[in-house]
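Letter by letter, the chains look like this.
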Amino acid sequence: MRKAKKFFFFIIFQAAVLLFFFVHSHYQIKGDYPSIQQKKLLVRDLDLTDLCLFTEASYTRHLTQADRHTPFQDSPMALEHFPSGSIVSPPGGLKR
Amino acid sequence: MEPWIERQKNILDFTLSSLLRRKGKNLALIFVYAFIVFMLGSVLFFTHALKREASIILQEAPEMIVQRTSAGRHNPIPLQYMEAIRKIRGVQSVRGRLWGYYYDPVTGANYTVMVSQNLKLEPDKIVIGEGISRTRLIFPGDSMEFRSQDGTLLSLQVHQIFPAASELVSSDLILLSEEDFFRLFGGSKELATDLALGVRNPKELSTIALKIAEMFPDTRIILREEILRTYDSIFDWRGGMMIFILAGALFAFIILAWDRASGLSQEEKREIGILKAIGWETSDVLLLKFWEGLVISLSAFLAGIIFAYGHVFFAKSPFFEPVLKGWSVLYPDFRLTPFIDPAQIATLLFLTVVPYTVATIVPSWRAATIDPDSVMRT
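Reading the values: rules and limits
- Residues numbered from 1 in each chain as written.
- Chains lettered and ligands numbered in written order.
- Predicted model: local features only at pLDDT ≥ 70, side-chain atom pairs only at ≥ 80, totals over all residues.
- Helix = DSSP H or I, 4+ residues; strand = E, 2+ residues; numbered from the N terminus.
- Rg over C-alpha atoms; globule rule 2.2 N^0.38 Å.
- Buried ≥ 20, exposed ≤ 12 C-beta atoms within 10 Å, placed from the backbone.
- Domains from an automatic or database assignment.
- Contact = placed C-beta atoms within 7 Å.
- Nonpolar A, V, L, I, M, F, W, Y, C, P; charged D, E, K, R; others polar.
- Pairing = 2+ DSSP bridges.
- Axes fitted to C-alpha atoms, helices over the stretch in contact; angles between N-to-C directions.
- Parallel < 35°, antiparallel > 145°, perpendicular 65-115°, else oblique.
- Left-handed = near helix turned anticlockwise from the far one by under 90°.
- pLDDT = per-residue confidence, 0-100.
- Core = buried A, V, L, I, M, F, W, Y, C linked by C-beta atoms within 7 Å.

Asks: Quick question: what am I supposed to make of the overall build of chain B here?
Replies: Within chain B, the secondary structure is distributed over 14 helices and 12 strands. In summary, chain B has a C-alpha radius of gyration of 31 Å against a globular reference of 21 Å for 378 residues, an excess of more than 25%. For chain B, the spread of C-alpha atoms along the principal axes amounts to about 95 × 50 × 40 Å. Expressed as a percentage of the 378 residues in chain B, the buried residues total 38%.

Asks: I'm lost on the domain arrangement of chain B in this one. Help?
Replies: Interface size is commonly expressed as the accessible surface area that is lost when the partners come together. All names here are of chain B. Each assigned domain of chain B is listed here: domain 1 (2-58 + 235-377) and domain 2 (62-232). Each of domain 1 and domain 2 has a C-alpha centre, and these two points are 48 Å apart. Taken together, the 11 residues of domain 1 in the interface contact 15 residues of domain 2. Partitioned by chemical class, the residues of the side of domain 1 that touches domain 2 number seven nonpolar, one polar and three charged.

Asks: Mind showing me how you'd approach the interface of chain B and chain A here?
Replies: Opposite the 69 residues of chain B that make contact, chain A presents 55 residues. The greatest single-element share of the side of chain B that touches chain A, amounting to eight residues, is contributed by helix 11 (residues 282-314) of chain B. Residue classes in the side of chain B that touches chain A are distributed as 40 nonpolar, 19 polar and 10 charged.

Asks: I keep staring at the pairing of strand 9 (residues 173-176) of chain B and nothing clicks. Help me out?
Replies: As a general feature of sheets, a regular strand has side chains that alternate between the two faces. All names here are of chain B. A two-sided burial pattern is seen for strand 9, the buried positions comprising Leu173 and Leu175 on one face and Ile174 and Leu176 on the other. Alignment of strand 5 (residues 109-115) against strand 9, held across four bridges, turns out to be parallel. Bridge pairing in strand 9 links Met114 to Leu175. Pairing geometry for strand 6 (residues 125-128) and strand 9, over two bridges, is antiparallel. Following the sheet pairing, Ile128 is matched in strand 9 by Ile174.

Asks: I'm lost on the packing of helix 2 (residues 23-57) of chain B against helix 13 (residues 342-369) of chain B in this one. Help?
Replies: Relative orientation and spacing of two packed helices are given, respectively, by the angle between their axes and the distance between those axes. All names here are of chain B. Two elements in contact, helix 2 and helix 13, have axes separated by 11 Å at closest approach and are oriented at 160 degrees. Viewed along their axes, helix 2 and helix 13 adopt a mutual orientation that is roughly antiparallel. Helix 13 is crossed by helix 2, and the crossing has right-handed handedness. Across from Val37, Leu40, Gly41, Leu44 and His48 in helix 2, the residues of helix 13 making contact are Gln344, Leu348 and Thr352. Split into classes, the residues belonging to the contact of helix 2 with helix 13 amount to four nonpolar, four polar and no charged.

Asks: What is the right way to look at the environment of Leu19(A) in this model?
Replies: Residue and element names in this part refer to chain A. With respect to the helices, strands and loops of the structure, Leu19 is situated in helix 1 (residues 3-31). The class for Leu19 is exposed, based on 10 C-beta atoms found within 10 Å. Each C-alpha atom, one on Leu19 and one on Thr64, is 37 Å from the other, the two residues being 45 residues apart in sequence.

Asks: Before we go on, may I ask you to explain the confidence of the model for chain B in this structure?
Replies: Residues shown with low pLDDT carry predicted positions that ought not to be read at fine detail. Summary statistics for chain B give a mean pLDDT of 87 and a share of 96% for residues scoring 70 or more. Both scores are given for the predicted complex: the pTM is 0.86, the ipTM 0.83.

Asks: I'm lost on the nonpolar core in this one. Help?
Replies: Most often, soluble globular proteins keep nonpolar side chains buried together rather than apart. Residue and element names in this part refer to chain B. Counting 107 residues, the largest nonpolar core has Val37, Val66, Met114, Ile174 and Leu195 as the members making the most contacts within it. When residues in this core are grouped by element, the largest group, 17 residues, is from helix 11. Apart from the residues within four sequence positions on either side, Val37 is in contact with Ala300, Phe301, Gly304, Ile305, Leu348 and Thr352.

Asks: Got a minute to help me understand unusual backbone geometry in this structure?
Replies: Negative phi characterises most residues that are not glycine, and trans characterises most peptide bonds. Residues and elements named next belong to chain B. The phi dihedral of Asp124 is positive, around 70 degrees, even though this residue is not glycine. Classification of Asp124 as partly exposed rests on a count of 16 C-beta atoms within 10 Å. Of note in the backbone geometry, Ser317 takes a positive phi value of approximately 50 degrees without being a glycine.

Here it is in structure tokens:
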């Protein structure tokens, strides 16, 4: 088989895998619907305000509830005591 | 049409043979290129999916949170505030939230301790998140001991564990009864941590917030819209480490493209000279270099994107775990729903494949327009 043909097959294979991921994404979103609903219900029933992403510091665990005395106030680019504080942006409400 | 396709195929054949002659260098190039796309793609997939999931889940968050601040810090709010706020026209419900943090010296983890107004629990019973169960190796029926504010040990029985699918919101959560909350943390029953409000008409939110701020100047109001905005801008490219990750990848890519654009190797120049000498047109040489750029960039781009998707949505982003974990002992084990944005992939394609291909053509055009004799002699 000539090299050009082999290359085309290789690119078509890669594109097909990418296309498969789009299809996978579509069906996985549908499949995850019950678990997303479950999380929504939990947020509603428990009056939750934040995602549990970083548990190391209170202002990154409850990012939206952080008061004005959090290290974010130094500057968004300031060196943080806790590593997660360097990754996330300050809460929207504090930027008013 | 047929001769045109055949010409492209022939030139592509020649391109591939030429690339295979420098197999080691080109494979290394594809590997580095694919790795940059993989890093950028992983960041894009992860942040987009997380933001989308947050925007859906947190739509059910309280419409308004009223905190009391004292000396710039969040302080418990008196329940009398609740009565006054309830009388404001448009306010549908006011609930006092009781929550706080508990540091577990056994594991070194921080837990979020909360009382639910809707799910009433019997005293001495708790519901815990999957993350706590995993870290402490405790299961329904087991007891968990806490050191209360007066130094006594409080033993509470695990009644239930939150479903693993909800770890993104409940991993570090401990739900207990109001009675146990006060036994653990002390405090007055006349105080709540903050207030959660329900409002009849969302258009009235800002008016109600203004009225509360006027009535109680020591309060701070957090609207649901702000909660959603916070998670929409989380991992913002402008903020924190994200700019360093993206800038690092971008500079690596610029160096890669610059290396190509700054000039051709002696061997490549000689190859162009020979091709011109045996009768290739300048346009043929440019076409050859176009295919060369496309072969490398397209195959590396597709490989990078494929691995990025697998990394984020199948393998749960193990490369990001150390960064996200930080010093946390308790880290939620969640699988993101693969919300992907085709526009982001298209942007990444445009920002990587096009500049690289162009960067390959420009120096070749310069080499192809000079005299083949002088190119071969140098």
